[in-house]
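Each chain is listed here by its residues.
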Amino acid sequence: MGGNKFRFKQFTILQDRCAMKVGTDGTLLGAWVDVSGAEKILDIGTGTGLIALMLAQRSCQPCGTLSLANIDAVEIDTDSSIQARENVERSPWSNRVKIANYSIQKYKDICQKRYDLIVSNPPFFENALKAANQARTVARHTDFLSQADLLQAAVKLLSETGILAVIYPVEQAENFQEKAEYFGLFCQRKLYVKPMPEIPTKRILMELSKNKLPLQENTLTIEAKQYIYTPEFITLIKDFYLKY
């Protein structure tokens, strides 16, 4: 995925001013997370606004307990926040999604809301070669959003029954789950993502809450073979990708 524009079925993402472009990680998280019953949603590090818009689309479908969620999205990078706001304004859900140009560290100190759902496709590079582009470094490295920062914000901003949903590479996911328990957040749903059947798990999606519940675990394989998506992946993303 890349280029300056990415078209989905119900909205378009402009991304020429964003450090991080539309990618599979964000799309997976936006399509997988449980939005049922969530009326107040927060997207931390929204980038282009992709996940916020996916959740806006999913939470307006007339199905069961789904509601018209109001979505706040914070983004530390000014250019990305401006472009995310533009993407929201061009979408069908501009009245339900608000973009704020804040770090989550500052936002948690000034926000009075408590959220039913907090989502984040966070930076995960640690002690790695930094990008020449400062904005890309902010988006990709944990210097500006550590796991502890994210967990502190979630503990403060989640409602008592709220859910935190994240996606990490395997090693960082295991570290995050361990840290989360120290902060009083417990994993209740987990998805292991494999690029192809013969390739090991590369990403783990997790939902965590303040309540200890039985852990539900599943595995998703993206491609049956090169360029051939599995039926499970197609089912997950069919409401968004143009060719499905």
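Note that this is a predicted model, so its numbers are computed, not measured.

A. Structural view of helix 3 (residues 78-89). Taking 1.5 Å per residue as the helical rise, helix 3 with its 12 residues ought to reach 16 Å, and the 17 Å between its terminal C-alpha atoms agrees with that figure. When we look at burial in helix 3, the residues that qualify are Ser80, Ser81, Gln83, Ala84, Asn87 and Val88. The arc that holds every buried residue of helix 3, seen down its axis, measures 165°, which confines them to one face. In this structure, the buried side of helix 3 is in contact with strand 2 (12-14), helix 2 (50-58) and strand 5 (97-100).

B. Seen up close, the packing of helix 6 (residues 147-157) against helix 7 (residues 170-182). It is the contact of helix 6 with helix 7, at a shortest axis distance of 10 Å, that shows an interaxial angle of 45°. In this view, helix 6 runs oblique relative to helix 7, as classed from their interaxial angle. For the pair helix 6 and helix 7, the sense of crossing is right-handed. Contacts between helix 6 and helix 7 involve Gln147, Leu150 and Leu151 on the former and, on the latter, Gln172, Asn175, Phe176, Lys179 and Ala180. Of the residues that constitute the contact of helix 6 with helix 7, the class distribution is four nonpolar, three polar and one charged.

C. Fine view of helix 1 (residues 24-32). In terms of residue burial, helix 1 counts as a mostly covered element, since eight of its nine residues are buried. Those residues of helix 1 that fall on the buried side of the exposure criterion are Asp25, Gly26, Thr27, Leu28, Leu29, Gly30, Ala31 and Trp32.

D. Local environment of the packing of aromatic side chains. Per the counting criterion, the structure on display carries 10 aromatic pairs. Plain terms: the ring middles of Tyr182 and Phe183 are 5.7 Å apart, the flat faces sit at 85° to each other, and that makes the pair edge-to-face. One aromatic cluster is present, built from ring pairs that chain together Phe6, Phe8, Phe11, Trp93, Tyr229, Phe233, Tyr241 and Tyr244.

E. Here's a closer look at the sheet that holds strand 10 (residues 216-221). With respect to topology, eight strands assemble into an open sheet ordered 5-4-3-6-7-9-8-10, the strand pairing being mixed. Edge positions in the open sheet fall to strand 5 and strand 10, since each of these has one partner strand only. Sheet twist, expressed as the average angle between the axes of neighbouring strands with direction ignored, equals 15°. Pairing between strand 4 (residues 70-74) and strand 5: four bridges, direction parallel. Note that in strand 5 the partner of Asp72 across the bridge is Lys98.

F. Up close: the environment of Gln172. With respect to the helices and strands, Gln172 occurs in helix 7. Residues Gln172 and Arg203, 31 residues apart in the sequence, show an inter-C-alpha distance of 9.3 Å. Not counting the four nearest positions on each side in its chain, Gln172 is found in contact with Phe124 and Gln147.

Conventions adopted
Residues numbered from 1 in each chain as written. Predicted model: local features only at pLDDT ≥ 70, side-chain atom pairs only at ≥ 80, totals over all residues. Heavy atoms only, no water. Helix = DSSP H or I, 4+ residues; strand = E, 2+ residues; numbered from the N terminus. Expected span 1.5 Å × (residues − 1). Buried < 20%, exposed > 50% of the residue type's maximum accessible area, 1.4 Å probe, protein only. Arc of directions from axis to C-beta. Contact = heavy atoms within 4.5 Å. Axes fitted to C-alpha atoms, helices over the stretch in contact; angles between N-to-C directions. Parallel < 35°, antiparallel > 145°, perpendicular 65-115°, else oblique. Left-handed = near helix turned anticlockwise from the far one by under 90°. Nonpolar A, V, L, I, M, F, W, Y, C, P; charged D, E, K, R; others polar. Phe/Tyr/Trp six-rings, centres within 6.5 Å; stacked < 30°, edge-to-face > 60°. Pairing = 2+ DSSP bridges.

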